[in-house]
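# Commentary on secondary and tertiary structure
Listed here are the chains, written in short residue letters.
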Amino acid sequence: MAMGMPYGLQAMLKEGHKHFSGVEEAVMKNIEACKALAQMTKTSLGPNGMNKMVINHLEKLFVTSDASTIVTEMDVYHPAAKLLVMAAKAQAGEVGDATNLVLTLAGELLGNAEVLLRDGLHTSEIAEGYQRASDKALSVLESLVLPGTDTLDVKDKAAVALRLRGAISSKQLGYEDLLAPLIAEACIDVVPSNPHNFNVDNVRIVKIMGGALPDSQVVKGMVLKRDAEGSVKCVENAKVVVYAQGVDTSGPETKGTVLIKSAEELEGYSRSEEEKLEQYVKAIADSGAKVIVSGGAIGEMAMHFIEKYGLLALRIPSKFDMRRFCRATGAVAIVKLQAPQPDELGFAKQIEVREVGGANCVVLQQDASLGSVATLVLRGSTEGFLDDVERAVDDGINAYKALCRDARCVPAGGASEIEMARQVADFGKKQTGLDQYAIARFAEALEVVPRTIAENSGLQASEVLARLYAAHAQGQVNAGVCIESGAPKDLAAEGIMDVYAAKWWAVRLATDAVVTVLKVDQIIMAKQAGGPKPRAGDGDDD
Amino acid sequence: MMPMMGMQPQIILLKEGTDTSQGTPQLVSNINACMALADTVRTTLGPRGMDKLIHDDKGRVTISNDGATIMKLLDVVHPAAKTLVDVSLSQDAEVGDGTTTVVILSGEFLREAKPFVEEGVHPRSIIKSYRQACNLAVSKVKELSVSLEGKGDDEKRELLLKCAATSLNSKLVSGEREFFAKMCVDAVSCLDASTLDLKMIGMKKVIGGGLRDSFLVDGVAFKKTFSYAGFEQQPKSFNNPKILLLNIELELKSEKENAEIRLDDPAQYQSIVDAEWNIIYDKLAKCADSGAQIVLSRLAIGDLGTQYFADRGIFCAGRVPEDDLQRMAKATGARMQTTVNNLDKAVLGTCERFEERQVGGERYNLFTGCTKARTATIVLRGGSEQFIDEAERSLHDAIMIVRRALKHAHVVAGGGAIDMELSRALRDHARSIPGKAQLFINAYAKALEAIPRQLCDNAGFDATDVLNKLRQKHALADGSGKYYGVDVNSGGVVNTFDAFVWEPALVKLNAIQSATEAACLILSVDETVKNPRSEAPDASPMGGRGGGMRGRGRGRGMMRR
C-alpha cells in the first residue's frame, strides 16, 4: 500500500474497489476468461457434441448440450465473459438456435486476437480488421445460399421436416428422424395463413415421464397434466364456457357480516344461496355449454350442481394455460359468474381424460380448422433426458419460425465456414494495411467449426481440415465434414442444411461481442455493498 | 482489505464455490456412481431375491424388494446416479413392474461401456451403437412376443393369472402367489374395461391373521368410522339397501361464519334457537324421506343425527374417507350430494348386501354384490405392519401387470429367457458389422445377460454354469431353445414358456428402452458444473446473512492469493 495519502484512482474511489488497466492486465485477462468459457461449450458443438451436467444455484440438474442453457445456468461471473453470454442470449432471442456457434467462434476470435496483441498490433486495428472480415464473410455467406432453398412451402410436412433435421440433429443425434416430423406436424397445425406471423408460443410441449421417446405424439389442441374435476370425463363437440375466476358462491371483497333479524331469515339464508347457485349453473347448462372451465377453485356446492346438470368441469390454475385454452377453443374468459352470451362460448371437438404414463391428463382435441394451439407430448425415461429433448424441440420450433421468415439455407457440417474462411483469407491478402493480419486470423478462427465437429467425433481434425480445404479449392463449395468417415461430403444432398439466418446472426453477434471485449482497456469494479447478498439474477454486481 | 495493486488478479470466470469437473475421469466417476447404485438393488431381483430393510431419517422402517420403492427411499444425491432413480420411477409409472430390472440393465450397460471409455473411445460412438442395439432388441421382443388377442375369455383369464403369478413370484408373498394372483385378476376384471382406473381398486390393511385370510370385496369396504351414541341401535346389515352419499355436515352448528344475528326483542331469542334446530331436523328429515337406508357422509354426522337415524332404522357413518366415498359412488351408482334439497330417487345407489363385520381387531363396513360394480377392494391381512406394507406393494405391481396385459395383450417368456434370446440375436447381428460398432453391440448383448446371471446368483446357483447351458440352448440352429430360461427351483434350465413363467412384453420393452436412454444420457455427459446453492428464499434472515458472510470471506481469501 502506498505510504501517506493515496493518489490517483485510489483517492477517488472507496476502499475495496478493484481496478485493472492496460493490455496486460485488462485485455489479456478478459480474453483468457472468454477463452475459458468458450472452451467449456466447445465440446458441445455439433451432432457429436457432449452433454454437460449443470447444477444451478437452486440445485436443479440440467443435462444438456444446448449452449444457451449451459451458460445461463452456470452463472458466469466474469464481466467480460458475460458479454459473450449476452451475445449468446441475443442469438437465442433472435433465432433460437446456433448459440454455441456464437460462443465458440467468439472464443476462437479472441484467442487469435491474443496472438495478434502479442505480435504488437493495437486493439483498434484488430477490431477494425475483424469488422471488415466479418462483413466480407457475411457477403460470402449470402453467395453460399443453396439454390432452390429460398422458397419453401411451410405447409408441406415432408419438406419442413427435412429442413428441421439439421437443427434437431445437432442436439439429439439419432432422434432427428423421429422428432423432425413431429415438430413439423405440430408447427404446420398452427401456422397462420401468413407464415410471418407464426407464434412460437402456439406450439406447446408437455413432458410426461415414462415410456420411451418413440411414444411421443402430437395432439392438435392442448394437453393439461391434471384430471377433470367431476365424474364426467369425456365430451365431444361441446360448447365451452370459461370463467377466469373461481366458480363458487360469490362473496364481497370487503369484509362484511350478514345481519339476520329473525328466525325465518336464518332458515332461508343458506337455502337462498343454494338456489342462486343452481340458477347460475342451470343458466350455463341452458346456454348449451357442456364444459365449464374455471381459473380458480370450484366450490363444493357448485360442483354438486355441475354434476347434476352433467357438465364437465375443468380447473386451469395457470393464467398462461388459460389464455391458450381460450385461444384453442375460441372462448372468451368471463370474469364474473354469470350466464354466458352465445358469442362468449368456445367450441371443443373433444375433451377427454386419458391416462398417460400413470398420470391422468385432460386432452383437448381440435380440428385443424379450429383453434391454433398444438401440443407435443414428449415421453422419456428420465426427467433430465426429457428436459434435453424439450430444448431440442424448442430449437426445432424456433428453426421453423426462422424458416417461415427466411427459408434460405446454407451448407452444413462446417462447409459454409470453410468456404467463408477460404474467401476471407483471399480477401485479406489483398489488403494493404495492418488489418491484413487481423483478417487472416479471422479466417483462421472460422475453421474452428469443422475442427470442433471433427474433434468431437473422434476424428483427426487437422487431416479433416486439410481434405476439406482441398475439396473446396476444387470448387466443391458444399463439402462439409462427414462425421462417420471424416471425408468431405456434400451434406446438403442428405438433407442436412443450416438455416441461413441463424448462421448470419451467429457470425454477426460473435464479431460484435469480440470487438466489444477488445475495446475494453480498463476494468473498474466498485466495492461490493455490504449487507445481505443480493438475490441471484438481479444482483450480479458488475 | 484493499486489493494490492500490481498483484496478479485472479481470473474468476464462475462464481466462487462453483465446482467443475470434466473429461473422461468425470465420465468414469459418473459410471462408477451408477454402478454402485445398481449394485445395491441387484440382489433383490427374481424369485429368490433378497429384501432390503431401509431405515429412513424419520425412523420409519421399510422392508421391500420393489426397485422403485428402494430407489425412492435411498435419497440419492449424486446427480448422475439420480438418473437411475428417475428411470425406475418412470418404469413404475408406465408399467408398474420391472423396476429392479431397469436399474440393473442401465447399470450393466454402463459397466460394459466403462472399459471402452477408459481406453479413449469417444462416448458418442458407444451411444450410437447402443441406440442401434436398443432398436434391434425392441423389434426382436416384438417378434418373439406371443399375442393373446382373439383368445376366449377363459383362456385370457388363465393367462392373466400366469402373468400376475410371475410378478408375485419375485416378491415377499411368493408363497401365496396363486392365491394372490387370482385376487389381482378378479380385482382388475371388476374395473371398467376402457379406463382400468387404478384408483378404483382399494387396498385396506388390517394387522393380524395370516396372508390367507386376506380377501377381496367386489364392492367397497372401509373401516368403521368414529361413531356417536346411538350407533349401537342402528341396524348393521341390509339386503339391497338404498344408499345416500352426502358431502354435508349433519350437526348442529352455525350456518355460515360471516352471519351475525342481532335481536331487538329477547322474546325472539327462543325462535332463533328453534330455527337452528329446525334446520338440522329438516335436513335429517329430508335424508330419511328420500328412502335411503344407509347414509354416508364425507363430513361429520353428529350425535343428534346418529340418534335420529337410529330411531328410523337407518345406518349412518360420518367422516368417510373421500376416496372410499368416491368408490362407493362408482360401485353403487349413487351420486354424491352437497345439499339435501331436491333429493330424488336417481341419486340413491344400491348394492346386494351391506354388513358390518369384524376383521382382525377392527370392525369393517362391507358393501358387497354391487350392481354396477366397477370397483373392488382388497383387504390384506398379515402378521406385521412392514409385512403388509410390502404385500401391498407387491400386489400393486401385480395389479399393474394385469392391467398392462389387458391393454397390451402380448407376453414373452420370463426367467431370463427373453434376455438370453435378445443377447444371442444381437451377437449374431454384431458379427455382420465391420468396425468398432461390433464391439459395442457385443457389449450391449453381454449386458443383457446380467438378468439371467443375477437370477442365478440370487438363487445361489453357479451362474457361469447355468448361463453356458442357456447359451447352448439359445444357439440351437432350429430355434427350439429360444424359450429356455433359468429354473430357480432346480438350478438348471427350463422352457419357461411351457412352465408358464410369462411376463407382458410391454414390461420388457419399456425396461430396455428406458435403460438404454438412461445409459446414453450418462455417457453423453462430459462435464459437471455445480453452482453453490443460493440461499433458499424462505430461509431466516439470520441464516441468509450468515451464508453471505461466509461467501464473502471465502471470496477475499481467493483474491489475496
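Keep in mind that this is a model prediction, so the values were computed, not measured.

This brings us to the overall build of chain B. Looking only at helices and strands, one finds 17 helices and 20 strands in chain B. Of all 561 residues assigned to chain B, the portion counted as buried reaches 55%. When the accessible surface of chain B is split by element, carbon and sulfur atoms take 50% of a total near 23,700 Å².

Turning next to the pairing of strand β3 (residues 61-64) of chain A. Residue and element names in this part refer to chain A. Bridging between strand β2 (residues 51-55) and β3 involves four bridges; their strand directions are antiparallel. If you follow K52 over to β3, its bridge partner there is T64. If you look at the hairpin formed by β2 and β3, you'll find five residues sitting between the two strands, and E59 has a positive phi there, around 70°.

The subject of this paragraph is the domain arrangement of chain A. Residues and elements named next belong to chain A. Each assigned domain of chain A is listed with its residue range as follows: domain 1 (10-147 + 411-525), domain 2 (153-200 + 374-407) and domain 3 (221-370). Domain 2 puts four residues into the contact, and the matching count from domain 3 is five residues. Carbon and sulfur atoms make up 51% of the area that domain 2 and domain 3 hide from each other, which totals about 390 Å². For domain 2, the biggest contributors to the area lost against domain 3 are T375, V377 and R379; these three give 69% of the whole.

All right, on to empty space enclosed by the protein then. Applying the stated rule across the entire model yields seven cavities of 30 Å³ or more. Its boundaries defined by the atoms lining it, the largest cavity holds a volume of some 90 Å³. What lines the largest cavity is a set of 13 residues, among which A:N51, A:Q172, B:R124, B:R131 and B:S524 lie closest to the centre. Counting residues per element, the ones that place at least two in the lining of the largest cavity are α12 (383-405) of chain A together with α5 (123-144) and α16 (505-523) of chain B. Per-class residue counts for the lining of the largest cavity are five nonpolar, three polar and five charged.

On to the domain arrangement of chain B. All names here are of chain B. Each domain of chain B was delimited in the assignment, giving domain 1 (19-147 + 413-528) and domain 2 (150-255 + 274-408). Placing the centre of domain 1 and that of domain 2 at their C-alpha centroids yields a distance of 40 Å. Taken together, the contacts link 23 residues of domain 1 with 20 residues of domain 2. Surface buried jointly by domain 1 and domain 2 totals about 2,000 Å² across both partners, of which 57% is contributed by carbon and sulfur atoms. Of all residues in domain 1, the largest losses of buried area upon contact with domain 2 belong to D97, W502 and P504, amounting jointly to 26% of the total for that side. Where domain 1 touches domain 2, the interface holds five residue pairs in polar contact (both at pLDDT 80 or more). Contributions of two or more residues to the side of domain 1 that touches domain 2 are made by β3 (61-64), α3 (79-94), β19 (502-504) and α16. The element that contributes the greatest number of residues to the side of domain 1 that touches domain 2 is β3, accounting for four residues.

Oppositely charged side chains can pair when the atoms bearing their charge come close. All names here are of chain A. Applying the stated criterion across every chain, the model contains 56 salt bridges over all chains. Residue K233 pairs with D227 through a salt bridge whose shortest N-O separation is 3.5 Å. Taking the relative accessible area as the measure of exposure, D227 reaches 24% and is therefore partly exposed. For K503, the salt bridge goes to D498, with nearest N and O atoms at 2.6 Å. On the basis of relative accessible area, D498 is assigned to the partly exposed category, the value being 22%.

Here the focus is the packing of aromatic side chains. Describing an aromatic ring pair means giving the distance of the ring centres and the angle of the ring planes. Residues and elements named next belong to chain B. Scanning the entire structure with this criterion turns up 20 aromatic pairs over all chains. Both rings, one in Y281 and one in Y308, keep their centres 6.0 Å apart while their planes meet at 50°; by these two values the pair is tilted. On the criterion of sequence distance, the pair formed by Y281 in helix α8 (residues 268-289) and Y308 in helix α9 (residues 303-311) is long-range, its members being 27 residues apart. Judged by relative accessible area, Y308 falls into the buried class, the value being 12%. Between the aromatic rings of F500 and W502, the centroid separation amounts to 5.6 Å while the plane-to-plane angle is 65°, which identifies the pairing as edge-to-face. F500 sits in the partly exposed class, given a relative accessible area of 42%. The buried category is assigned to W502, whose relative accessible area is 10%. Here the aromatic residues F222, F231, F238, F315, F354 and F367 are joined through ring pairs into a cluster of three or more. One residue, K162, lies across the ring of W502, its end atom 5.8 Å from the ring centre. Geometry around F215 places R357 over its ring, the cationic atom sitting 5.3 Å from the centre.

Moving on: the interface of chain B and chain A. Listed per partner, the contact involves 80 residues of chain B and 91 residues of chain A. A combined buried area of about 7,500 Å² lies between chain B and chain A, and 55% of that area is made up of carbon and sulfur atoms. Applying the counting rule to chain B against chain A returns three salt bridges. Put simply, B:D526 and A:K52 hold a salt bridge, and the shortest N to O gap is 3.0 Å. Applying the counting criterion to the chain B and chain A interface returns eleven residue pairs in polar contact (both at pLDDT 80 or more). Put simply, the parts of the chain that give the side of chain B that touches chain A at least two residues each are α3, α5, β10 (259-261), α8, α11 (385-407), α16, β20 (525-530) and α17 (541-560) of chain B. It is α3(B) that provides the largest number of residues to the side of chain B that touches chain A, a total of nine residues. Split by residue class, the side of chain B that touches chain A holds 29 nonpolar, 26 polar and 25 charged. Note: strand β7 (residues 258-260) of chain A against β10(B), three bridges, orientation parallel. If you follow A:V258 over to β10(B), its bridge partner there is B:A259.

Residue and element names in this part refer to chain B. Viewed as axis vectors pointing N to C, α3 and helix α4 (residues 99-119) meet at an angle of 145°, and their least axial separation amounts to 8 Å. The element α3 and its partner α4 pack so that their crossing is right-handed. Contacts from L84, V87, S88, Q91 and D92 of α3 reach α4 at T99, V102, V103 and S106. Of the residues assigned to the contact of α3 with α4, the class counts are four nonpolar, four polar and one charged.

Thresholds applied
Residues numbered from 1 in each chain as written. Chains lettered and ligands numbered in written order. Predicted model: local features only at pLDDT ≥ 70, side-chain atom pairs only at ≥ 80, totals over all residues. Heavy atoms only, no water. Helix = DSSP H or I, 4+ residues; strand = E, 2+ residues; numbered from the N terminus. Buried < 20%, exposed > 50% of the residue type's maximum accessible area, 1.4 Å probe, protein only. Areas by Shrake-Rupley, 256 points an atom, 1.4 Å probe, with all protein chains shown as cover. Pairing = 2+ DSSP bridges. Domains from an automatic or database assignment. Contact = heavy atoms within 4.5 Å. Buried area = accessible area lost by both parts, 1.4 Å probe. 1 Å grid on protein atoms, 1.4 Å probe; cavity = no way out; pocket = protein on both sides within 12 Å on 5 of 7 lines; lining within 4 Å. Points joined across faces, edges and corners; volume = space filled by probe spheres on them. Nonpolar A, V, L, I, M, F, W, Y, C, P; charged D, E, K, R; others polar. Polar contact = N/O pair within 3.5 Å; in protein donor to acceptor, adjacent residues only side chain to side chain. Salt bridge = Lys/Arg side-chain N within 4 Å of Asp/Glu carboxyl O. Phe/Tyr/Trp six-rings, centres within 6.5 Å; stacked < 30°, edge-to-face > 60°. Lys NZ or Arg CZ within 6 Å of the ring centre and 35° of its normal. Axes fitted to C-alpha atoms, helices over the stretch in contact; angles between N-to-C directions. Left-handed = near helix turned anticlockwise from the far one by under 90°.

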